[in-house]
Each structure stands twice: as C-alpha cells, then as structure tokens.
Amino acid sequence: MSQRKDIIIIGGGAAGFFAAINIAEQNPELSVAILERGKSGLQKVKISGGGRCNVTHAEFIPSELVQNYPRGEKELLGPFHTFMTGDTIAWFEERGVELKIEDDGRMFPVSNSSQTIVDCFLHEAKKHKVNVLYNHVVKSIQPEESSFTLETSQGNFICNKLLIATGSSPKVWRLLEQIGHHVISPVPSLFTFDIKDERIKDIPGVVAKDVTVKVLGTDLISEGPLLITHVGMSAPAILKLSAFGALTLAKLNYNFNIEVNFIKQDSALCLEALKDLKIQLAKKQVTGTSQFDLPKRLWKKLVLASQIDENTRWADLNKVQLNQLATQLTAANFKVTGKSTFKEEFVTAGGVDLKDINFKTFESKIIPNLYFAGEVINVDAVTGGFNFQNAWTGAYIVSQSIGKS
C-alpha cells in the first residue's frame, strides 16, 4: 500500500528542510514529507564552517552576489532579487536565530554553533507538522499524469509535487536521467592544491595576505590571501581558482603549474625596490630583514631559493641574486601534483543542466510539478556561505511556486 502525500521532498539537507518548512508554514493544509536516506539529516549543515555553519555572506547586491558562482551566475540573478541575504537573515531572526558578520563577510549564528541552525530546522519542521522520514533510500521515480510514484527502501509513496534536494548524489542524478533530465557530469569544485616544494616545506600555517595566482597555460587568475598548508596551498586565492577552474583543472588531471606573485608588483618595480634596500640595509642580513609585508619564514625561504646564502648581507648581493629574488617574489613557479578536499566541504561542479530548469519557479521544464533546489543542480560557489545562500533561495522560491499552484 503506497503512502500518499501532497508534497514529497527527497533529501533532508539544507535545501530540503528549508523548502519543507516554508511550504508547510505557507500552506498548513498540505501534507509535506521529507525522505532522507541517512539515519539523520542536515549533516552538511552540522559540519560546515568548522562546526559553526557559515549560513550566508554579507553581500546585499544581487549583481555582486552572483559573481561568486562559477556556474549559475546568470541564472541566479533573478532569484536573488526575490530572496537573498537580507531575507535569509530576517528568516532566521524571526525564528530566534541571530546571525553575525565576520571581518571577511562570512555570516554565522551568534552562538558559533551549527547545532543552533539544526535545532531551528528540527523545531520548525515539527511545529509545522513536516513528516521527516529517515533511512528512506529512493530507488525509482515514476512520473504519472498528475502525480509521482516513488519506490523506496521502506515502501512506496505517491505525491502530487516532488522536490529533489539531494545535493551531489550520483544515484539520484541517474534516476533523473532515466526520466529525461540532462545531467552535467560532476567534478570537484572547492579544493586545495597539493604542492611539494622546498620553498613551502616546514612552514604550514604561514599566510601571505594578498597575492596573485595564475594557472600557467590557461586564463585562470585570482587574488587574495594564500595559506601554506602541510600538503600545499589553500585560502581564498587558491579556492577561487579551484572553483572557477573546476572543469579546466579536471581536464589537466590536477597536474599543472601556477605562478604566484607574493607582493602584487611587477618584476621591474620590485627590482628597483630591492636595489634601494641594498643601499638602505647594507649591513643587515637579507634573510633576517623581511620586506613587502611578507611573513618572516616565507621571506627567508624565498631568499634562500634565490641562491642567497643565509649569512649574506644586503650590500653583498650581486645583480644575478637581485634578479632571482625579484623573480621569486613576483613570479614564483610551483608544480601542483594533485588536490585535497577543503576541510569537510565537498562541493561539486555538475548536476542537473540549468537549461532544464525554469528559474522563476525552480520547476523542471521537462516534467511538470518536479522541482529542484540546492546543489543537485549545476550551481556551485566559492567558499564563504554562498552555496548555502543558493540552497535557501532555491528552496524558498520552490515553496512560493508550490504555494501559488
């Protein structure tokens, strides 16, 4: 015997819960159920932002906000005019969750705990009688004339409207392909670069505050802070490249060269500055007098890489050494040999083709009454709360679309 619901949502993550709560709140007469394959939901919410949940980003202009989405920039402009950062902040505050803005624009609950967001969702779902069913693996989706039949590991369900909010799920993508949807093959998006190089060995945790990084042989370039890690390089300068270059870097099999300008000056200007320093600091050791606002440990590594001895004084630098140091500072070449997941945040580029979706409603153009929200579609963002904002916006618009129909 099949269970019948008005609305079924596949996926008990951020987008799934947000949509379910908003649908049930706006339309109390509708029966709403979430089918979650795991034994609990909201797992990504729980671990995001190092367990603090980076809810959104303090960017309040839609045309600026969309620039953080390598895939989805054009499509999300309209939706962000309907529901974006300010609406997200208001939604949580109305339910007793206050958010704060950090210096880099990321927004977190004032409690500094993702459990606050999880508890809010579970409380709201219960309050609005959303039926949350765990350990329900969806095995098939069958569109009928005016309904959907779902076969799950715990029995069958029938619903009038169906929302897919499963995030990056190859199994669900296969089910969607079987019913006529186009899926862009997924590749990793947010990741750090694996680099073995003497210049960054033994100095994990060192941050160069503002660098330019180019992927050689491509037009990929980014700016921002760069963090040296145990395995290579991370932080926004690298993560932006990994997101905007996701498809290119996958084709290169994560083997490529980058050029780092640690001081964001051209080589000629840098050389002139070094010649001045040679006079001003004549008697001091080069390795011991960090310049250009670079961390001392990184400065020393770059000096040694320029064939300058640890005890060499500025006055003793020859022309070749000055040129080599200018190159290390403005055009240091590093070999990338692989990638590592950024913290626990596994984000993919890929998913349901954006051409298949009406972004006024987030409804399928192929199958009526089928909706999408979150990372199941081919939208992804740089780090900083943007992936969650895509989830909230899509889920909210789905709730409005379903409410009106």
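Let us look at the structure shown here. Please read these numbers as outputs of a predicted model, since none were measured by experiment.

For the rest of this paragraph, the subject is the packing of aromatic side chains. Tallying each qualifying case throughout the model produces 22 aromatic pairs. Taken together, a centroid distance of 4.4 Å and an interplanar angle of 20° make the contact between Phe83 and Tyr396 stacked. A residue pair is termed long-range when its members are at least 10 positions apart, and Phe83 in the loop between α4 (73-82) and α5 (85-94) and Tyr396 in helix α13 (residues 386-404) qualify at 313 residues. For the pair Phe83 and Tyr396, a shared accessibility class is recorded, and that class is buried. Measuring from centroid to centroid gives 6.2 Å for Trp299 and Trp314, while their planes differ by 25°, and the two rings are stacked. Residue Trp299 is found in helix α11 (residues 296-305), and its partner Trp314 is found in the loop between α11 and α12 (319-330); the two are separated by 15 residues along the sequence. In this structure Trp299 comes out as buried when scored by relative accessible area, which is 0%. For Trp314, a relative accessible area of 0% gives the class buried. One aromatic cluster is present, built from ring pairs that chain together Phe17, Phe18, Phe83, Trp91, Phe92, Phe121, Phe388, Trp392 and Tyr396. The positively charged end of Arg52 is found above the aromatic ring belonging to Phe108, 3.8 Å away from the centroid.

Per the stated rule, a full pass over the model turns up 18 salt bridges. For the salt bridge of Lys264 with Glu223, the shortest nitrogen-to-oxygen distance reads 3.3 Å. Linking Lys264 in the loop between β15 (256-261) and α10 (267-280) with Glu223 in strand β13 (residues 221-228), this pair joins segments that are 41 residues apart in sequence. When salt bridges that share partners are traced, they join Arg52, Lys100, Glu102, Asp104 and Arg106 into one network.

This brings us to the sheet that holds β13. Pairing is antiparallel in the open sheet, where seven strands are placed in the order β16-β15-β12-β13-β14-β11-β17. The open sheet terminates on both sides in strands that have one partner only, identified here as β16 (332-336) and β17 (338-341). Ignoring which end each strand starts from, the neighbouring axes of this sheet average 40° apart. Pairing of strand β12 (residues 207-215) with β13, which is carried by six bridges, proceeds in the antiparallel orientation. Of the residues in β13, the one forming a bridge with Lys214 is Ile221. Contacting β11 (191-194), β12, β13 and β14 (232-234), helix α8 (residues 236-244) runs over the sheet at an angle of about 130° to β13.

Attention now moves to the packing of helix α1 (residues 14-26) against α13. Relative to each other, α1 and α13 sit at 30°, their axes nearing to 8 Å. Here α1 lies roughly parallel to α13, going by the angle between them. Considering the relative orientation of α1 and α13, their crossing is right-handed. When α1 is examined against α13, the residues Ala14, Ala15, Phe18, Ala19, Asn22, Ile23 and Gln26 are found in contact with a partner set consisting of Phe388, Ala391, Trp392, Ala395, Tyr396, Ser399, Gln400 and Ile402. A breakdown of the residues in the contact of α1 with α13 according to their chemical character gives 11 nonpolar, four polar and no charged.

Every α-helical turn comprises 3.6 residues, leaving residues that sit three or four positions apart pointing alike. When the terminal C-alpha atoms of helix α6 (residues 114-127) are compared, their 20 Å separation across 14 residues agrees well with the 20 Å that a helix rising 1.5 Å per residue should span. On its buried face, α6 is in contact with α1, α2 (43-51), α5, β5 (106-109), β6 (131-133) and α13. The N-capping residue of α6, defined by a side-chain oxygen 3.1 Å from the backbone nitrogen of Gln115, is Ser113.

For α2, the full list of buried residues reads Val45, Ser48 and Gly49. The arc that holds every buried residue of α2, seen down its axis, measures 55°, which confines them to one face. Against α1, β5, α6 and α13 lie the buried residues of α2. One or two residues past the end of α2 sits Cys53, with phi positive at roughly 65°.

On to the pairing of β13. The turn joining β12 and β13, which pair antiparallel and follow one another in sequence, is formed by five residues; a positive phi near 85° is taken by Gly217. Bridge count for β13 against β14 is two bridges, and the pairing is antiparallel. Following the sheet pairing, Leu227 is matched in β14 by Ser234. As consecutive antiparallel partners, β13 and β14 are separated by three residues.

Our focus in this paragraph is the sheet that holds strand β4 (residues 99-101). Strand order in the open sheet formed by three strands is β3-β5-β4, with antiparallel pairing between adjacent strands. Bordering the open sheet on either side are β3 (56-57) and β4, each of which pairs with just one other strand.

Calculation criteria
- Residues numbered from 1 in each chain as written.
- Predicted model: local features only at pLDDT ≥ 70, side-chain atom pairs only at ≥ 80, totals over all residues.
- Heavy atoms only, no water.
- Phe/Tyr/Trp six-rings, centres within 6.5 Å; stacked < 30°, edge-to-face > 60°.
- Helix = DSSP H or I, 4+ residues; strand = E, 2+ residues; numbered from the N terminus.
- Buried < 20%, exposed > 50% of the residue type's maximum accessible area, 1.4 Å probe, protein only.
- Lys NZ or Arg CZ within 6 Å of the ring centre and 35° of its normal.
- Salt bridge = Lys/Arg side-chain N within 4 Å of Asp/Glu carboxyl O.
- Pairing = 2+ DSSP bridges.
- Axes fitted to C-alpha atoms, helices over the stretch in contact; angles between N-to-C directions.
- Contact = heavy atoms within 4.5 Å.
- Parallel < 35°, antiparallel > 145°, perpendicular 65-115°, else oblique.
- Left-handed = near helix turned anticlockwise from the far one by under 90°.
- Nonpolar A, V, L, I, M, F, W, Y, C, P; charged D, E, K, R; others polar.
- Expected span 1.5 Å × (residues − 1).
- Polar contact = N/O pair within 3.5 Å; in protein donor to acceptor, adjacent residues only side chain to side chain.
- Arc of directions from axis to C-beta.

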